[in-house]
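# Residue-level structure breakdown
What follows is each chain in one-letter form.
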Amino acid sequence: MRIPDDPIQREYFYSDLVDKCSVSIQERTGTYDSLRSYYLFGAGLDAPPAYYNKIYPHIDQLSSFLYSAETTRFTIALGASVNSHEQTKIPSLTGALNDDWLNSNADQVFAQALNWALCYNSTFIKLIQKNGLHPYMVDPRCIGVYREDTPHTDRQEALVQIYYITRSELYARLYSHPQREALLARLQMGASQENQVPDGIQRLILSATDPTMYGNVNLNIAGMQQYKARVAEDTIKMTELWVWNDNTDDYQCVTIADPNVIIYDRPGESMFLKGELPFIQLCPTPQYDYYWGQSEVQRLVFLQDMRNKRVSEILDLLSKQVAPPTALMGFTGILDEKNFALNRAAGLLATDMPNAKVEQLAPSIPNDLFREIVEIDNMFAEASGIVSVLQGRGETGVRSAGHASQLARMGASRAKRRALVVEDALEKVATIYLKLMMKYEDRRYLDVNDIPFIASQFTEDFVVKVDAHSNSPIFMEDTRDLAFNLFKANAISRERLIDLLEPPMKQLLKDDLKKMELQAKEQAASQMGEPNMASSAGPAASIM
């Protein structure tokens, strides 16, 4: 985009972009609230929580197949035109990248972002460089893009993030701003909106002239934890606009405070990386014509409603079996007292009416009462591609471990395809991690030849890859089998075998392996030297 040079036109230009990028935020917020309710409680906003929330454990299990924070490791792949001497720097940089990934808690942030991406449709990882790398998960309701019909973040001309900040924190962040006091005087402060009225009442239609509310709503009088944060401090609405500037071939980062007060207007390179956005989208189920993708929870909502309905009917049937309806035929008087006498211990009921009788109408309980619940649960698994073998359950006809392993490989094809989508986002985050290390860090490393270097001396033609699809446990068994087959074929060394298997105390095992190899070489050299010494000593002894 061409950003106007005139300050007034520039301000109108930014304001117009923010409005266009935020056009769907309010609509998506309502949808996300409903999906969040189903994910946490198994029911909609206006309904009581489900007796058993099947969605939450199902999403938790699916997420564990797509990403494992414990086993994920990275490797650096060089471009075709890179000098082969750069290969000597890869081991040190790979170790530093994996250490920074774990030390910055990026593994747990990514795991949390994946869970909520399956709940909504997308989440974002934002990387901030300030005395080290700091990853944050960003809720999709805080993000807006210029064109929602275009997938991929790097194809967007503009993107906005909305967040709230306290006045004291903003004052601290503007410590170097020349107009700090004037800007703070213009800012409009407003308390963070906290909904004190239950959502069910909020959805009722209110009269414009009569404030009396009409309608029915299901409310839990005892109260329940809704997992909604409460903030008592007044906050200021902030908007961070990232727009592509054709004049600089870089993003322009604009920080705007409510009401439309531009605090910063600076090139993206001064804050992050040239030509890169600090936001990485995580979308497990992308869609070609909708930027936000598809929600995993949304396709499970109707199954959860069906399950809730059937469970309620079963409980009602069982309660009628325990306390069946009673028919009092031929009795007169107050029937409630007679029914109470029948349903209490040692109760007594007498009447002078002829042909009077009591009949209990207990419903019949079918033998396969919970069969439909089992079928609904199987539909959950089918919807997300998690077969019974992947869940640790046996299959009929399986007679050996090899047969079960083969079924697991074949049945995991859908989950593998989605794991590769998650892997792409993971590699994008890790690649930016290494680029930020090259730009902002000055730590010294040693290559394989013990020559010191810093990260900025590494080539820029690289990409960080997830090593051996280690982000997903579905691929781990195949990787182990491949590693042992390569070792048996003498295609890799024992040290490379340890790298592929990633056992506990990996570095100690490699050190022990080097010591054993050194001892074996010394022992072999000593054994070769002993016959030579004996043969040389023989003639000398005979001469003597």
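Please read these numbers as outputs of a predicted model, since none were measured by experiment.

### Some details on the overall build of the protein chain
Helix and strand content of the protein chain: 16 helices and 15 strands. Considering only intrachain contacts with a sequence separation of at least 6, the fraction spanning at least 24 residues in the protein chain is 68%. Only carbon and sulfur atoms are counted for the fraction: they give 53% of the accessible area of the protein chain, which is about 32,000 Å².

### Concerning the side chain of Asn 53
Relative to the helices and strands, Asn 53 is located in the loop between helix H2 (25-41) and helix H3 (55-66). The class for Asn 53 is buried, based on a relative accessible area of 13%. A polar side-chain atom of Asn 53 sits 3.0 Å from the main-chain carbonyl oxygen of Tyr 39. A distance of 3.1 Å separates a polar atom in the side chain of Asn 53 from the backbone nitrogen of Ile 55. In contact with Asn 53, not counting residues within four places along its chain, are Tyr 38, Tyr 39, Leu 40, Phe 41, Gly 42 and Gln 304.

### As for the pattern of salt bridges
Under the counting rule described, the total for this entry stands at 24 salt bridges. The shortest N-O distance in the salt bridge between Glu 169 and Arg 173 comes to 2.9 Å. In this pair, Glu 169 and Arg 173 both sit in helix H6 (residues 167-173), 4 residues apart, roughly one turn of the helix. The exposure class of Arg 173 is partly exposed, given its relative accessible area of 45%. Residues participating in the shared-partner salt-bridge network are Asp 33, Asp 139 and Arg 141.

### Points about a nonpolar patch on the surface
On the surface, Tyr 51, Tyr 52, Leu 315, Leu 318, Ile 365 and Phe 370 cluster together into a nonpolar patch covering about 590 Å² of accessible area. Mapped onto the fold, Tyr 52 is located in the loop between H2 and H3.

### Describing the nonpolar core
If you look at the biggest cluster of nonpolar residues, it comprises 78 residues, and the most contacted ones within it are Trp 101, Phe 110, Leu 127 and Val 297. No other element matches helix H13 (residues 413-440), which puts 13 residues into this core. For Phe 110, the residues in contact, after removing those within four places along its chain, are Tyr 67, Trp 101, Ile 125, Leu 282, Val 422, Ala 425 and Leu 426.

### Examining the packing of aromatic side chains
In this structure the tally under the stated criterion is 15 aromatic pairs. Here Phe 458 and Phe 462 contribute two aromatic rings whose centre-to-centre distance is 5.7 Å and whose plane-to-plane angle is 50 degrees, an arrangement assigned as tilted. Accessibility assignment for this pair places Phe 458 and Phe 462 in one class, buried. Each residue in the set Tyr 32, Tyr 39, Tyr 56, Trp 116 and Tyr 120 is aromatic and connected to the rest through ring pairs, giving one cluster. We note Arg 180 situated over the ring of Tyr 171; from NZ or CZ to the ring centre the distance is 3.9 Å.

### Section: the sheet that holds strand S2 (residues 123-129)
Hydrogen bonding along the main chain pairs the strands of a sheet, whether they run parallel or antiparallel. Within the open sheet, the 3 strands sit side by side as S3-S2-S10. Their pairing is antiparallel. Looking along the sheet, the strands with just one partner apiece sit at the ends: strand S3 (133-138) and strand S10 (279-282). Across the sheet, the mean angle separating the axes of adjacent strands is 25 degrees when strand polarity is ignored. Contacting S2, S3 and S10, helix H5 (residues 106-119) crosses the sheet at an angle of about 10 degrees to S3. The sheet strands contacting H13 are S2, S3 and S10, and the helix crosses S10 at an angle near 165 degrees.

### Overview of the side chain of Asp 250
Position of Asp 250 relative to the elements: it lies in strand S8 (residues 250-257). Put simply, Asp 250 is tucked away with no salt bridge, and the nearest opposite charge, on Lys 274, sits 4.7 Å away. At a separation of 3.0 Å, a polar atom in the side chain of Asp 250 contacts the main-chain amide nitrogen of Glu 269.

### Details of the environment of Ala 257
When you line up the elements, Ala 257 lands in strand S8. Exposure remark for Ala 257: the relative accessible area of 1% places this residue in the buried category. As for Ala 257 and Ile 236, which are separated by 21 residues in sequence, their C-alpha atoms are 7.1 Å apart. Not counting the four nearest positions on each side in its chain, Ala 257 is found in contact with Leu 187, Ile 236, Lys 237, Met 238 and Ile 263.

### Examining the pairing of strand S9 (residues 261-267)
With 6 bridges connecting them, S8 and S9 associate as antiparallel partners. Looking at S9, one finds that Val 254 is bridged to Asp 265. Linking S8 to S9, which pair antiparallel, is a turn of 3 residues; within it Asn 260 sits at a positive phi near 60 degrees.

### As for the confidence of the model for the protein chain
Summing up the model confidence of the protein chain, the mean pLDDT is 83 and the portion of residues at 70 or higher is 85%. A low-confidence stretch, residues 190-210 (pLDDT under 50), is modelled with 26 contacts involving residues beyond four sequence positions or located in other chains. Contacts of residues 539-544 to residues separated by more than four positions or lying in other chains number 0 contacts, the stretch itself having pLDDT below 50.

### Some remarks on unusual backbone geometry
Pro 259 follows Asp 258 through a cis peptide bond whose omega is 10 degrees. You can see Pro 259 is positioned in the loop between S8 and S9. With phi around 55 degrees, Asn 131 is a residue other than glycine that occupies positive phi space. In this fold, Asn 131 is placed in the loop between S2 and S3.

Cut-offs and rules
- Chains are numbered independently. Their residues run from 1 in the order of the written sequence.
- Local features are withheld for residues below a pLDDT of 70 in this predicted model, meaning they are given only at 70 or higher, and side-chain atom pairs are given and counted only at 80 or more; totals for whole chains, interfaces and linings count all residues.
- Side-chain metrics rest on all non-hydrogen atoms present in the structure, leaving aside hydrogens and water.
- Secondary structure elements are taken from DSSP: a helix is a run of H or I of four residues or more, a strand is a run of E of two residues or more, and numbering for both begins at the N terminus.
- Any pair of residues with heavy atoms lying within 4.5 Å of one another is described as a contacting pair.
- Methods summary: accessible areas were calculated by the Shrake-Rupley approach with a probe of 1.4 Å, and residue burial reflects only the protein chains presented.
- Only protein chains enter the calculation, and the probe is 1.4 Å; a residue is then buried if its accessible area is under 20% of its type maximum, exposed if over 50%, and partly exposed in between.
- By the criterion applied in these results, polar contacts are pairs of N or O atoms within 3.5 Å in which, for protein atoms, one can donate a hydrogen and the other can accept it, and in which residues neighboring in sequence qualify only through two side-chain atoms.
- We define a salt bridge as a contact between a side-chain nitrogen of Lys or Arg and a carboxyl oxygen of Asp or Glu at a distance within 4 Å.
- By definition, no residue in a patch forms a salt bridge, and every one has over 30% relative accessible area; like charges are joined within 9 Å, nonpolar side chains (Val, Leu, Ile, Met, Phe, Trp, Tyr) within 5 Å.
- We define a nonpolar core as any set of buried Ala, Val, Leu, Ile, Met, Phe, Trp, Tyr and Cys residues linked to one another through side-chain atoms lying within 4.5 Å.
- Any Phe, Tyr or Trp ring, taking Trp's six-membered ring, that has another such ring centre within 6.5 Å forms a pair; planes under 30 degrees apart are called stacked, those over 60 apart edge-to-face, and the others tilted.
- The criterion for a charge sitting over a ring is simple: Lys NZ or Arg CZ within 6 Å of the ring centre, and within 35 degrees of the ring normal.
- When DSSP finds two or more bridges between a pair of strands, those strands are recorded as paired.
- Note on definitions: angles span 0 to 180 degrees between N-to-C directions of axes, and those axes are lines fitted to C-alpha atoms, for helices only across the stretch in contact.
- Working convention for charge: Lys and Arg count positive, Asp and Glu count negative, and His plus the chain ends are omitted.
- Values of pLDDT, ranging from 0 to 100, describe the predictor's confidence in every residue of the model.

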